[in-house]
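Examination of the molecular architecture
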Amino acid sequence: MSDTTLSVPVPEEVGKLYDQILKDEHTYEQFEKFNHQLHIGYWDDPTSDVPMREAVVRLTELMVERLRVDVEDRVLDLGCGIGGPATQIVRTTGARVVGVSISEEQVKLATRLATEAGVGDRATFQRADAMRLPFEDESFDAVMALESILHMPSREQVLSEARRVLRPGGRLVLTDFFERAPHTPGMHPAIEGFCRTAMTTMADVDDYVPMLHRVGLRVRELLDITEQTMERTWRETLEIVSQNDRPVDFDLAELFGVDEFGCLLVAADRP
Ligand SMILES: C[S@@+](CC[C@H](N)C(=O)[O-])C[C@H]1O[C@@H](n2cnc3c(N)ncnc32)[C@H](O)[C@@H]1O
């Protein structure tokens, strides 16, 4: 089902939201519990006791496998957060990574953390809007968008930009949220609350493959990874943030048991 009620995210506002999060002094300690990766976790066995800090790394690992890059390659990380995934790419493949974020504060922190991690020469970061990338055509071997396209005003425009900057034969890997088997007409109130607070929209899953074709990308894989990711992420994240004893904008407990909220992993190639 496509989203008709949520407003389209405005990049400047999304940037301010992430800048604001970083101004909170408690946030930094929390980010360490997520290995500096700002996305959902992946549990191969959702009943295992693997902690969140390992599960977020596992999801990035699955993305990196699909990027198929090595030390010769240049990767664009679209919506790079504070650079945890970029550091992981450099360490595991040796590839060079350019990360872009709409949040200036994230770019500063990502740059500092990559330098401290000893990968500052291979991972660099800059502020840019994924809707209009400041890069030449065919200048990357691979593009990754890990849980970022859901904040952007037009998925099709971002995918078109990704295709433009990819060289022929280049790879795109992304995750996105979508509404999955709605039980009732209209969006579940908890999902709507999450999307409004986080400034996101939900993908139209039926249009994903046609949309990739329209921008000139060839689909390699489209996986529903909901069972391995969502419910457990809300539970683990709530436990971590509630140790803070601080008010939260959105109570993640509202998402417990809401199985209409799903995550897709998509891999595509530029022919
Ligand atoms: C949930 S975070 C994911 C961060 C990172 N991919 C990770 O997994 O750690 C979403 C990211 O998307 C970025 N973002 C959102 N809209 C953007 C836009 N229009 N252009 C560039 N980055 C954007 C945010 O600044 C943030 O870094």
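The preceding data block contains the structure.
Quantities reported herein were computed from a predicted structural model and do not represent experimental measurements.

The next subject is the site of the ligand. Within the structure, the ligand sits among 22 residues, and L38, H39, G79, Q106 and L146 are positioned closest to it. In this structure, I102 approaches the ligand through a main-chain N or O atom, which is 3.2 Å from a nitrogen atom. The separation between a nitrogen atom of the ligand and a polar main-chain atom of A130 is 2.9 Å. Here the ligand has 590 Å² of accessible area as a free molecule, and 98% of this is covered by the chains. For the shell around the ligand, the leading source of residues is helix α1 (residues 11-23), giving three residues. Looking at side-chain class alone, the shell around the ligand contains 11 nonpolar, nine polar and two charged residues.

This brings us to the nonpolar core. If you look at the biggest cluster of nonpolar residues, it comprises 46 residues, and the most contacted ones within it are F177, F194, W234 and F261. F177 has contacts with I40, E147, L150, R155, F194, M202, A203, M230, W234, F261, G262 and C263, leaving out every residue within four places of it along the chain. Counting 31 residues, the second-largest nonpolar core is a separate cluster that includes A145, A162, V165 and L212.

On to the packing of α1 against helix α5 (residues 104-116), then. Axis separation between α1 and α5 bottoms out at 7 Å; the angle between their running directions is 55°. Judged by the angle between their axes, α1 and α5 are oblique. Between α1 and α5, the residues in contact are Y18, D19 and L22 and E104, E105, Q106 and L109, respectively. Partitioned by chemical class, the residues of the contact of α1 with α5 number three nonpolar, one polar and three charged.

Looking down a regular strand, the side chains alternate between one sheet face and the other. The buried fraction of strand β5 (residues 166-179) amounts to 11 of the 14 residues, a majority that puts the element mostly inside the structure. Two elements, strand β4 (residues 140-145) and β5, share five bridges in a ladder whose sense is parallel. Among the inter-strand pairings, A145 is bridged to a residue of β5, identified as L174. Read from β4 through helix α6 (residues 155-165) to β5, the crossover connection turns out right-handed.

One pass over the structure, following the stated rule, counts six aromatic pairs. Considering the side-chain rings of F177 and F261, the 5.3 Å spacing of their centres and the 75° angle between planes classify their relative orientation as edge-to-face. One end of the pair, F177, is in strand β5; the other, F261, is in strand β7 (residues 261-269), with 84 residues separating them in the sequence. The two residues F177 and F261 agree in class, both being buried. For the pair F194 and W234, a centre-to-centre distance of 5.5 Å together with 55° between the ring planes defines the contact as tilted. Residue F194 is found in helix α7 (residues 189-198), and its partner W234 is found in helix α9 (residues 226-242); the two are separated by 40 residues along the sequence. Looking at W234, the relative accessible area reads 6%, which means it is buried. Taken together, the ring pairs in this structure connect F177, F194, W234 and F261 into an aromatic cluster.

For the coordinates displayed, the defined rule picks out 23 salt bridges. Across the pair K108 and E105 runs a salt bridge, and its minimum N-O distance is 3.3 Å. Remark: E105 and K108 occur in helix α5; sequence separation between them is three residues, near one turn of the helix. Here E227 and R180 are joined by a salt bridge, their closest N and O atoms 2.7 Å apart. You can see E227 sitting in helix α9 and its partner R180 sitting in the loop between β5 and α7, a full 47 residues away along the chain. With relative accessibility at 18%, the residue R180 sits in the buried group. One salt-bridge network, in which partners are shared between bridges, spans D44, R58 and E61.

Right, let's get into unusual backbone geometry. Excluding glycine, residues mostly carry a negative phi; peptide bonds, for their part, are mostly trans. Of note, the phi angle at R68 is positive, near 55°, even though the residue is not glycine. Mapping R68 onto the fold places it in the loop between α3 (52-67) and β1 (74-78).

Take the pairing of β1 next. Counting buried residues along β1, four of its five residues qualify, which places the element largely inside the surrounding structure. Direction of pairing for β1 relative to strand β2 (residues 96-101): parallel, over a ladder of five bridges. Counted as the bridge partner of V75 is V97 from β2. For the crossover that starts at β1, traverses helix α4 (residues 84-93) and ends in the parallel β2, the hand is right-handed.

About the thresholds
- Residues numbered from 1 in each chain as written.
- Predicted model: local features only at pLDDT ≥ 70, side-chain atom pairs only at ≥ 80, totals over all residues.
- Heavy atoms only, no water.
- Near = heavy atom within 4 Å.
- Polar contact = N/O pair within 3.5 Å; in protein donor to acceptor, adjacent residues only side chain to side chain.
- Areas by Shrake-Rupley, 256 points an atom, 1.4 Å probe, with all protein chains shown as cover.
- Helix = DSSP H or I, 4+ residues; strand = E, 2+ residues; numbered from the N terminus.
- Nonpolar A, V, L, I, M, F, W, Y, C, P; charged D, E, K, R; others polar.
- Core = buried A, V, L, I, M, F, W, Y, C linked by side-chain atoms within 4.5 Å.
- Buried < 20%, exposed > 50% of the residue type's maximum accessible area, 1.4 Å probe, protein only.
- Contact = heavy atoms within 4.5 Å.
- Axes fitted to C-alpha atoms, helices over the stretch in contact; angles between N-to-C directions.
- Parallel < 35°, antiparallel > 145°, perpendicular 65-115°, else oblique.
- Pairing = 2+ DSSP bridges.
- Right-handed = clockwise from strand over helix to strand, strands pointing away.
- Phe/Tyr/Trp six-rings, centres within 6.5 Å; stacked < 30°, edge-to-face > 60°.
- Salt bridge = Lys/Arg side-chain N within 4 Å of Asp/Glu carboxyl O.

Remember, this is a structural readout, not a statement about activity or role.
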